[in-house]
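Descriptive analysis of the structure
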Amino acid sequence: MALDRKAPNDLNAFWMPFTANRQFKKNPRMLVAAKDMHYTTSDGRQVLDGTAGLWCCNAGHCRPKITEAIQRQAAELDYAPAFQMGHPVAFELANRIIEIAPKGIEHVFYTNSGSESVETALKLAIAYHRAKGQATRTRLIGRERGYHGVNFGGISVGGIVNNRRHFGSLLNGVDHLPHTHLPDNNRWSRGQPEHGAYLADDLEKLVALHGAETIAAVIVEPVAGSTGVILPPKGYLEKLRAITKKHGILLIFDEVITGFGRLGAPFASQYFDVLPDMMTTAKGLTNGVIPMGAVLTTAELHDAFMDGPENMIELFHGYTYSGNPIASAAGIATLETYKEEALFERAAEIAPYWEDALHSLRDSRHVIDVRNMGLIGAVELDPIAGEPTKRAFSAFLAAYDKNILIRTTGDIIAMSPPLMITRDQIDTLIGTLADVLKSLD
Ligand SMILES: Cc1ncc(COP(=O)(O)O)c(C=O)c1O
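Remember, it's a predicted structure, so these values are computed and weren't measured experimentally.

Along the protein chain, the regular secondary structure elements total 16 helices and 15 strands. Across its three principal axes, the protein chain shows a C-alpha extent of roughly 65 × 55 × 45 Å. Within the protein chain, the proportion of its 441 residues that are buried is 46%.

Below, the structure is given as structure tokens:
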């Protein structure tokens, strides 16, 4: 059956995620094609992608190597059972991931999304302590304003109020660290803010309150994205690592957006030189093209499970699509594209230009803060009194009309372009945004 994908059709059946459905369906914004840095809209416009889709198309769109790998794999081995059976492509991808992972990270557990990576890591943390004879360690610590996907574990350790408040009592035995957003001290910081490392000391308070022997893991985003770009103050992640280590608590970095070059290094762990026990990934692993995620672990964590009789399943966890052949092929082609085009290095090289361009918005109308790191940028707007989020959402709509795609969360504009963005395209993105800000009420 041929589908005319550009034809208007009935929009009612598809209940869209994280979307104002009724508003969207009255005035839809439809993307029908993409190439490199641009989307094509259904009305034929070229829109510059300032967000790499949803922080995921780090190599840009419709990259030939990835497209061809998917086509080839789909024709050769479409699916293989994931339990008690293997296929070479998934093993090959795992080795390639470990090649670029921080030293000390040696194993890959496949999932299908960032949310599933988070659930997997949280379960692994609890099961690890049990395997080590410390079954009382079940408590999970997240952070205010954290985003760890939308499943029950993730929203329990997460700290975005609207993602939690509608869904009942969530997981038991969860606590939260304070977030690290200190605008009074750190406004207009370039890169890592100076103030706030002391906020990691709150973990000592939680240890004193609950007892270290009840705590399995702490999970944080090294750079928080979905909450509106919150950066780790200098020394903060190092402190968190030291305190978790001291108390035998696992540290999980949620690298779903920071993984695969976003900061100009393969992972944030390398950028900050802090090694967690586990890293959750997804998005840039396959350039967003096919759903796939992965939890990366140390040998120590993995080896704790490799006990008991060899014919026994060591971990009662996994997904039908863990290491799916087509996703694995897309992953290998994605990693090859990153390498051949030196995209991580390129992100590092262009990051200072990106920083200068973003901070040129400091004096624009309504702007109350600018934050940046690697190829991530945030422009925070003064909210309209009594109408939070409205000003930023108006900016998003006006930007789309002017052919740039940005994202907003609350009254914060967040940007994370593909790593192939050029200086001219940065000028277009930020120049257009400056015009948009001028036009806003
Ligand atoms: C840090 C982090 N963790 C988890 C997720 C969830 O990923 P997914 O939407 O693939 O489930 C996201 C998505 O933006 C994320 O930013």
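Picking up after the structure, the text goes on.
One recurring pattern in soluble globular proteins is that nonpolar side chains are buried together. By size, the foremost hydrophobic cluster in this structure holds 120 residues, and its most contacted members are A217, V218, I252 and I413. Residue assignment places this core across two domains, with domain 1 (21-59 + 342-439) and domain 2 (67-340) each supplying three or more. When near neighbours in sequence (up to four residues on either side) are disregarded, I413 contacts A378, V379, L381, A392, A395, I406 and T408.

The next point concerns the site of the ligand. Near the ligand lie 14 residues; those nearest to it are S113, G114, S115, G149 and V256. Tallied by class, the residues present in the shell around the ligand amount to 5 nonpolar, 7 polar and 2 charged.

Here the focus is the domain arrangement of the protein chain. Assigned domains of the protein chain: these are domain 1 (21-59 + 342-439) and domain 2 (67-340). With centres defined by C-alpha atoms, the gap from domain 1 to domain 2 works out at 26 Å. Between domain 1 and domain 2, the contact holds 29 residues from the first and 28 residues from the second. Breaking the side of domain 1 that touches domain 2 down by element, the ones donating at least two residues are α2 (52-55), α14 (343-359), β11 (367-373), β12 (376-381) and β15 (412-415).

This part takes up unusual backbone geometry. The backbone phi angle of F18 is positive, close to 40°, even though this residue is not glycine. Although it is not a glycine, Q84 sits at a positive phi angle of roughly 60°. Tracing the backbone through its elements, the reader meets Q84 in the loop between α3 (64-76) and α4 (88-100). A tally of 6 C-beta atoms within 10 Å means that Q84 is categorised as exposed.

So, about the pairing of strand β9 (residues 278-281). Every second residue of β9 is oriented toward a common face, with M278 and T280 on one face and M279 and T281 on the other, all of them buried. Across 4 bridges, the pairing between β9 and strand β10 (residues 293-298) is antiparallel. Counterpart to T281 in the pairing with β10 is A294.

Take α3 next. With 13 residues, α3 should reach 18 Å at 1.5 Å per residue; the first-to-last C-alpha distance of 18 Å fits that figure. Considered for burial, the residues of α3 that qualify are I66, A69 and Q73. Buried residues along α3 cover an arc of 60° about the axis, so they all sit on one side. Facing away from the buried surface of α3 by more than 90 degrees, the exposed residues are P64, E68, Q71 and A75. Residues of α3 that are buried make contact with α4 and α13 (325-340).

What follows concerns the sheet that holds strand β5 (residues 139-143). Ordered by their spatial adjacency, 7 strands build an open sheet running β4-β10-β9-β8-β7-β5-β6, and the pairing between neighbours is mixed. At either margin of the open sheet sits one strand with a lone partner, and together these are β4 (105-111) and β6 (174-177). Here the strands of the sheet are splayed against their neighbours by 20° on average, with no regard to which way each runs. Strand direction decides the pairing type here: β5 and strand β7 (residues 215-220), joined by 3 bridges, are parallel. Its bridge partner being in β7, R139 is matched across the sheet by I215. Docked against the sheet, helix α9 (residues 202-210) engages β5, β6 and β7, running at close to 155° with respect to β6. The strands that helix α10 (residues 236-246) touches are β7 and β8 (250-254); relative to β8, the one it contacts most, it runs at about 145°.

Strand order in this open sheet of 4 strands is β11-β12-β15-β14, and the pairing throughout is antiparallel. Two strands lie at the open edges of the sheet, namely β11 and β14 (407-409), each paired on one side alone. Shown here is a sheet whose adjacent strand axes are inclined to one another by a mean of 20°, direction ignored. Alignment of β12 against β15, held across 4 bridges, turns out to be antiparallel. The residue of β15 that forms the bridge with G377 is M415. In this fold α14 packs onto β11 and β12, with an angle of close to 175° to the strand it touches most, β11.

Another point: the environment of I421. For I421, the position within the fold is in the loop between β15 and α16 (423-439). Sequence-distant contacts of I421, defined by excluding residues within four places in its chain, comprise M37, I350 and I426.

The terminal C-alpha atoms of helix α5 (residues 114-131), which comprises 18 residues, lie 25 Å apart, in line with the 26 Å expected from a rise of 1.5 Å per residue. For α5, the tally of buried residues reaches 13 of 18 residues, placing the bulk of the element in the interior. With its phi angle positive at about 85°, G133 sits one or two positions after the end of α5.

Turning next to the packing of helix α15 (residues 390-401) against α16. At a minimum axis distance of 9 Å, the contact between α15 and α16 shows a crossing angle of 125°. Taken together, the axis directions place α15 and α16 in an arrangement best described as oblique. Where α15 crosses over α16, the handedness of that crossing is right-handed. Contacts between α15 and α16 involve A395, A398 and A399 from the former and T432, L433, V436, L437 and S439 from the latter. Classifying every residue of the contact of α15 with α16 by side-chain character gives 6 nonpolar, 2 polar and no charged.

Next up on the list: the pairing of β8. Taken across its 5 residues, β8 has 5 buried, putting it largely inside the fold. Burial along β8 is two-sided: the face carrying L250, I252 and D254 and the face carrying L251 and F253 are both buried. In this structure, β7 lies alongside β8, joined through 4 bridges in parallel fashion. If you follow I219 over to β8, its bridge partner there is I252. Once you follow β7 into α10 and on to β8, the crossover reads as right-handed. Sheet topology note: the β8/β9 ladder contains 3 bridges and is parallel.

Rules of the game
Residues numbered from 1 in each chain as written. Predicted model: local features only at pLDDT ≥ 70, side-chain atom pairs only at ≥ 80, totals over all residues. Helix = DSSP H or I, 4+ residues; strand = E, 2+ residues; numbered from the N terminus. Buried ≥ 20, exposed ≤ 12 C-beta atoms within 10 Å, placed from the backbone. Core = buried A, V, L, I, M, F, W, Y, C linked by C-beta atoms within 7 Å. Domains from an automatic or database assignment. Contact = placed C-beta atoms within 7 Å. Near = placed C-beta within 6 Å. Nonpolar A, V, L, I, M, F, W, Y, C, P; charged D, E, K, R; others polar. Pairing = 2+ DSSP bridges. Expected span 1.5 Å × (residues − 1). Arc of directions from axis to C-beta. Axes fitted to C-alpha atoms, helices over the stretch in contact; angles between N-to-C directions. Parallel < 35°, antiparallel > 145°, perpendicular 65-115°, else oblique. Left-handed = near helix turned anticlockwise from the far one by under 90°. Right-handed = clockwise from strand over helix to strand, strands pointing away.

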